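Read off the chains here:
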Amino acid sequence: MAVFSKVLNIFCLISTGIFLCSGIYCFICWGPDVQLSLSYILGVFLISFFSSVFYIPFFSGREFSKAALLFFRAVYFLVVNLMVLAVGYKLGWFKIGNGKMIIGMEITVAAVFLIVHVVEYIRGLQEAKKMNVRIASRNSLSE
């Protein structure tokens, strides 16, 4: 799969995760009658775009040690978290003085991060299984 296709795929996954988790966040923190402006949708797409671009190093195919991978994922989480908080503050998604909203935003960011990485992990396992089946079928044909 080409890098552009992978980035587009992760963009869609991140956007879907944000809309799902932020819908729950909005219901809990703002109530069921909340009305969102167009800037909310554009903010979600902006966050999804930059999160997808920052995800490109994970598609490099390069082998990382577990410690290095954990470090890169932690840095990725920190950068995305700061970006979400900055965009969310600028667009009024939460109030600084409201601890419930801040905790809700952090839980939302963590939930989206977890969803994206679990889905990517499962996709990687499926891709590895497909490759193993192809290798096994080629080996059986050559024998």
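Higher on the page you've got the structure.
What this report covers is the structure whose coordinates are included nearby.

Cut-offs applied
Residues numbered from 1 in each chain as written. Predicted model: local features only at pLDDT ≥ 70, side-chain atom pairs only at ≥ 80, totals over all residues. Heavy atoms only, no water. Core = buried A, V, L, I, M, F, W, Y, C linked by side-chain atoms within 4.5 Å. Buried < 20%, exposed > 50% of the residue type's maximum accessible area, 1.4 Å probe, protein only. Helix = DSSP H or I, 4+ residues; strand = E, 2+ residues; numbered from the N terminus. Contact = heavy atoms within 4.5 Å. Expected span 1.5 Å × (residues − 1). Arc of directions from axis to C-beta.

### A look at the nonpolar core
- In this structure, Ile-10, Tyr-25, Ile-47, Trp-93 and Val-116 are the most contacted members of the largest nonpolar core, which totals 26 residues.
- If you list the elements that add at least two residues to this core, you get helix 1 (3-30), helix 2 (38-54), helix 3 (66-90) and helix 4 (99-142).
- Considering each element in turn, this core owes the most residues, nine residues, to helix 1.
- Non-local contacts of Tyr-25, meaning those with residues more than four positions away in its chain, are made with Trp-30, Trp-93, Phe-94, Met-101, Gly-104, Met-105 and Thr-108.

### Re helix 2
- Helix length check: helix 2 (17 residues) gives 24 Å between terminal C-alpha atoms against 24 Å at 1.5 Å per residue, within 8%.
- Within the sequence span of helix 2, burial applies to Tyr-40, Gly-43, Val-44, Ile-47, Ser-48, Ser-51 and Ser-52. Summarising the axial view, the buried residues of helix 2 lie within an arc of 165°, below the 170-degree limit, and thus occupy one face. Seen from the open side of helix 2, the exposed residues pointing more than 90 degrees away from its buried face are Leu-38 and Leu-42.

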